[in-house]
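Breakdown of the fold
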2 protein chains.
Amino acid sequence: MSRPFSISRYLPILDWGRRYNKSKLMDDTVAAIIVAILLVPQALAYALVAGMPPETGLYASIFGLLVYALFGTSKTASVGPVAILSLMTAAALAKLSLSNSSEYIAAALTLTFLSGVFLLLLGLLRLGFMANFLSQPVISAFVTASAILIALSQVQHLFGVSASGQNMTELLVSLSQSISNINFITFSLGVGAIVFIVWCKSGLKNILLSLGMRREAVSIVSKVGPVMAALITALIAYEFRLDLQGVQLLGKVPQGLPGLTLPNFSLDLITNLLGSAVLLSIIGFVSSISVAQTLAARRRERIDLDQELVGLGAANLAASFSGGFPIAGGFSRSVVNFDAGAATPAAGLMTAILIALVALFFTPILYWLPKVCLASIIIVATYPLINFSTLGKSWKYSKPDFSAVLITLLLTLMVGVEVGIAAGVLASVLIHLYKTSQPHVAVVGRVAGTEHFRNIKRHKVETFDHLLSIRIDESLYFANTRYLEDLIFALVAENPKVEHVILMCTAVNEIDMSALATLQKINETLLDQNIRLHLSEVKGPIMDRLVDTAFFAGLSGNNYLSHNQAVEDLKDQQLPLSAL
Amino acid sequence: MSRPFSISRYLPILDWGRRYNKSKLMDDTVAAIIVAILLVPQALAYALVAGMPPETGLYASIFGLLVYALFGTSKTASVGPVAILSLMTAAALAKLSLSNSSEYIAAALTLTFLSGVFLLLLGLLRLGFMANFLSQPVISAFVTASAILIALSQVQHLFGVSASGQNMTELLVSLSQSISNINFITFSLGVGAIVFIVWCKSGLKNILLSLGMRREAVSIVSKVGPVMAALITALIAYEFRLDLQGVQLLGKVPQGLPGLTLPNFSLDLITNLLGSAVLLSIIGFVSSISVAQTLAARRRERIDLDQELVGLGAANLAASFSGGFPIAGGFSRSVVNFDAGAATPAAGLMTAILIALVALFFTPILYWLPKVCLASIIIVATYPLINFSTLGKSWKYSKPDFSAVLITLLLTLMVGVEVGIAAGVLASVLIHLYKTSQPHVAVVGRVAGTEHFRNIKRHKVETFDHLLSIRIDESLYFANTRYLEDLIFALVAENPKVEHVILMCTAVNEIDMSALATLQKINETLLDQNIRLHLSEVKGPIMDRLVDTAFFAGLSGNNYLSHNQAVEDLKDQQLPLSAL
């Protein structure tokens, strides 16, 4: 899949920019407006989740979107603050026990910077495959557990109290201690906002549909619930001076664009945040890529995984120098962008301009926005992420996968996001090694009258006492060589008449150095007992490397292209022992 | 491979003990005497490598051998102190910076205890497969680097000076600082001992062979070099009072058997040593098992990997309560035991008794043994372990394997044993994931007139514009699902006429939950574009689990037993779009 070097590979805007036209401009503008309406309340809300001042959510969006539009390959991914990265940011920074908010903000910039550098490096070194080490059930469990933690972290705002914690236990204990201070006006406002936003998604949708509105338009209108809720609650707060009733408002949000901000580059801080940055980057990349890939495929387009890393990395670097925090492609926003008809990354560019306009002119309105409304928006947004069906599905499909899901789910909920995801990755890898370490191996015999070989335990087949035909249904590599060795010696010990062992390699896709050494040992040990080792149906790419090895040169038997040929050749060869 | 429960599985002595007879007793006695002669100097020498008093080498051998004879399944493995575990023990304890030797000994007991518990647990939980995560080239590189470190650590005794260090750089710097204090009598004695031992292995061997002595007997006699060297140098030291010339002697070795010793069970110490104990246990198990498996296979016998863990674990526990340090099956001793005709684990039992007799009655002789002689024995013993050929072989056979070898070798030499082996394991796993993350995938077509399908890039085959046949040469699991998805969407984007995608699964040995989710996504995304997804030649065990899944229920196309059948069925199906 390698292509000749071209500058447009690293700067895709050169590619799509050349073919830009008026019709695309129209499509992109419409999409940009709709996404911006969705993004403003999300950006403010996720800033709160990250423990950052609200305006930083806007800042992270502006320059992140701009830079991604230059370097990204997805035409529809909408980059900006996302719920889970914001939670991970809060978790990473909580460990540092920083004394004041300016230190906290500087550390968030450092985390964003490290994440940007890591993603950029992975992309430039074309190491995008690293993101594959997260298995789908582990991600699913992690997203579910994180969504629960995010929703729980917002319950304090719903009650109008203060609570904190990095896992479910801490959050529940903290909430239960402060529940007696509940502010009922705040709570009513929050519940009202939740009901309203949910109603927009379902009730309003059905009404509009029954009025004959186009399905696409309805799907977009039903998503303006959050913005409407924000406007309405802000109006109520202003009208009834709810701030005097103990309802917490967003308060003064600085007007204008961010200046150049510098992350804190102290070596100590970098060392402490590096692990968090790596975890956070991988999660951000995997979730961005999942939605971008699906959306691109729907239009028979492609995205370049390694260039996506460059795009996301550059976007995070931009965010770190403009007062933001870690960002990625958001799932719901990208889908809306796609549905609204975004044709090129220019849609993202225009979204950035719209958010900048909000930061420049509309922040005074935000003063009256009750925090509980943002909490309500977050709680509604996390609900679809909570999905326990993976537990049931994996239990039914594969117990090892189930255990990885359970470990990730429980550790994320009970200990925290970083331990949870790290354990999930480790569990996936160990489970894979475990599965492949005991491969399915069948002793095969020939179906009479054919050239087909089948498992002697399942089929009536012809066999020869002095021939042992073994089919291995797995690549041979370090994790299963010992098993193979043990198995062959056991089979030989059980069948004292055996003089020839034939390994049928139809399903062997790789033989690594460990397997090679083991095969050599098996060959020599069998030869000591006057048994010859043969190979059959070895795949081309494997044979290419095998021919030059000491194992192949010393192979006591032959290498056959087909297993039937091997059996035909050896069935009458019962050599006297001295002939060897 | 599961068997019905039987007590003799966990206590193999019940099995072989019942069939014990006089002829086996004779064989075992001869082997026991020969192994004991070999083991005494080794036990003393490896105690020095571990930084322990010499008698602890004898203690570790006595009870380790006794207990292994009860629980082990190998008839020939000779358990006791081994060079690399002694080095790893020294490395683990050096980190603790303990203030005096009684603390050091107690910590060594703790390490041995932890190693015993870990091995026992792995065995009882039947988790022996964990040892497979060490790839053969990584072990080979680790053994080479460790042998170099061991030899280097003995050069100080050869020079009669003091030096210390956990890696090559530290050892070389330390040696160069003290080289001016070299004691030439010590040095001459050491070089003499080395020359003598090497001569026994080659010159003496040839002489005896030419005198017509049996090859087996010669091979054993040539191994008594170390004991002879010890006796001769001790005699010289006694005769010429070399202690007055600055030659370091072994000195007073306590006479008698060890009492019950208790490891230090402080939680702090356990936490600090746990990681080291795990690494050391795995290395000990892997090296024990490698030699035991090979020797058993030569006699068409089998060993039980999980029970071997129990045996080794119990042996280490015994060593920890009798003043020893970590032990394992030694390579050269086991081979000697085998060659000398050991018939049952009773040989080990008798070796234990002989070593106990040495500890009871012969320690006064050891007073006069020069330390440099033990250093010479170690240096000669490490030489065959140093093997750089893996570097060349892996370079030729597989660049990824080569990089794992190089990382292990360099990090072990330059940083130390623990970092080296940990990095080796990590590199092996990452490299395996990397290799399988970009599987070989071929678009295939039919060889005209046959039912065979081949890569369209390599063969002249017939294809159909509306059919895309893809053969995947790898199991589908989390590390390669994204690659598969990307590839299929790319192929579909390149072939706009495609209406059917057929995945040929001959070499797919597993489909995990991630792959299942990806297939489902591919199926849905293709269906959005009016393309149907079909499967062909799915293996039985995979199909058993697949039939109950949502993916299979929603599969837009069919599941075919043979790929040819799929092509025959679909080649005339060019459905109008509305038909879907």
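What you see is a predicted model; the values in this text were computed from it and never measured.

Assigned secondary structure in chain A consists of 25 helices and eight strands. Structurally, chain A occupies a C-alpha span of about 105 × 60 × 60 Å along its principal axes. Residue burial in chain A is summarised as follows: out of 580 residues, 54% are buried. Pairs at least 24 apart in sequence give 81% of the contacts found in chain A among residues at least 6 apart.

What the domain assignment reports for chain A is domain 1 (7–13 + 21–405) and domain 2 (441–579). Distance from the C-alpha centre of domain 1 of chain A to the C-alpha centre of domain 2 of chain A: 56 Å.

The sheet built from six strands is open, its strands ordered E4-E3-E5-E6-E7-E8 (chain A) with mixed pairing. The open sheet has two edge strands with one neighbour each: strand E4 (453–455) and strand E8 (559–560) of chain A.

All right, on to the interface of chain A and chain B then. Many structure descriptions define interface size as the accessible area lost when the parts assemble. Opposite the 58 residues of chain A that make contact, chain B presents 58 residues. Breaking the side of chain A that touches chain B down by element, the ones donating at least two residues are helix H7 (136–159), helix H13 (267–298), helix H18 (389–397), helix H20 (417–437), helix H21 (478–494), helix H22 (513–528) and helix H23 (540–546) of chain A. A per-element tally of the side of chain A that touches chain B places H21(A) first, with 10 residues. Its residues placed into classes, the side of chain A that touches chain B shows 21 nonpolar, 19 polar and 18 charged.

Two faces belong to every sheet, and in a regular strand the side chains alternate between them. All names here are of chain A. In terms of burial, strand E5 (residues 467–472) is largely enclosed, as five of its six residues are buried. Where strand E3 (residues 441–446) and E5 come together, three bridges link them in antiparallel fashion. Along E5, the bridge assignment pairs alanine 442 with arginine 471. The pairing of E5 with strand E6 (residues 500–504) spans five bridges and is classified as parallel. Directly across from arginine 471, in E6, lies its bridge partner methionine 504. Between the parallel pair E5 and E6, the chain is carried across by H21, and the sense of this crossover is right-handed.

Moving on to the sheet that holds strand E6 (residues 500–504) of chain B. Residues and elements named next belong to chain B. Spatially, the six strands line up as an open sheet ordered E4-E3-E5-E6-E7-E8, and their pairing is mixed. The open sheet is flanked by strand E4 (453–455) and strand E8 (559–560), the only strands paired with a single partner. Bridging between E6 and strand E7 (residues 532–536) involves five bridges; their strand directions are parallel. Its bridge partner being in E7, histidine 500 is matched across the sheet by arginine 532.

To continue, consider the relation of the copies chain A and chain B. When chain A is fitted to chain B, the best match, at an RMSD of 0.1 Å, comes from turning it 180° and sliding it 0.0 Å along the axis. This pairing of chains is accounted for by a two-fold axis. Relative to the rotation axis, the closest C-alpha in chain A is found at A:Ala507, a distance of 2.4 Å. Most of the interface of chain A is mirrored in chain B, where 100% of its interface residues are also at the interface.

In most cases, non-glycine residues show a negative phi, while peptide bonds are predominantly trans. Phi at A:Arg126 takes a positive value of approximately 55°, unusual for a residue other than glycine. On the secondary structure map, A:Arg126 appears in the loop between helix H6 (101–124) and H7. We classify A:Arg126 as partly exposed; it has 14 C-beta atoms within 10 Å. A positive phi angle is found at B:Arg241, which is not glycine, with a value near 45°. Along the chain, the position of B:Arg241 falls in the loop between helix H11 (225–239) and helix H12 (267–298). Overall, B:Arg241 belongs to the exposed group, with 10 C-beta atoms counted inside 10 Å.

Residue and element names in this part refer to chain B. Secondary-structure assignment places serine 562 in the loop between E8 and helix H24 (563–570). A residue is classified by how many C-beta atoms lie within 10 Å of it, and serine 562, with 14 of them, is partly exposed. Not counting residues within four places of it along the chain, the set of residues in contact with serine 562 comprises Ser536 and Glu537.

What counts, and where the lines are drawn
Residues numbered from 1 in each chain as written. Chains lettered and ligands numbered in written order. Predicted model: local features only at pLDDT ≥ 70, side-chain atom pairs only at ≥ 80, totals over all residues. Helix = DSSP H or I, 4+ residues; strand = E, 2+ residues; numbered from the N terminus. Buried ≥ 20, exposed ≤ 12 C-beta atoms within 10 Å, placed from the backbone. Contact = placed C-beta atoms within 7 Å. Domains from an automatic or database assignment. Pairing = 2+ DSSP bridges. Nonpolar A, V, L, I, M, F, W, Y, C, P; charged D, E, K, R; others polar. Right-handed = clockwise from strand over helix to strand, strands pointing away. Least-squares fit on C-alpha atoms with pLDDT ≥ 70 in both.

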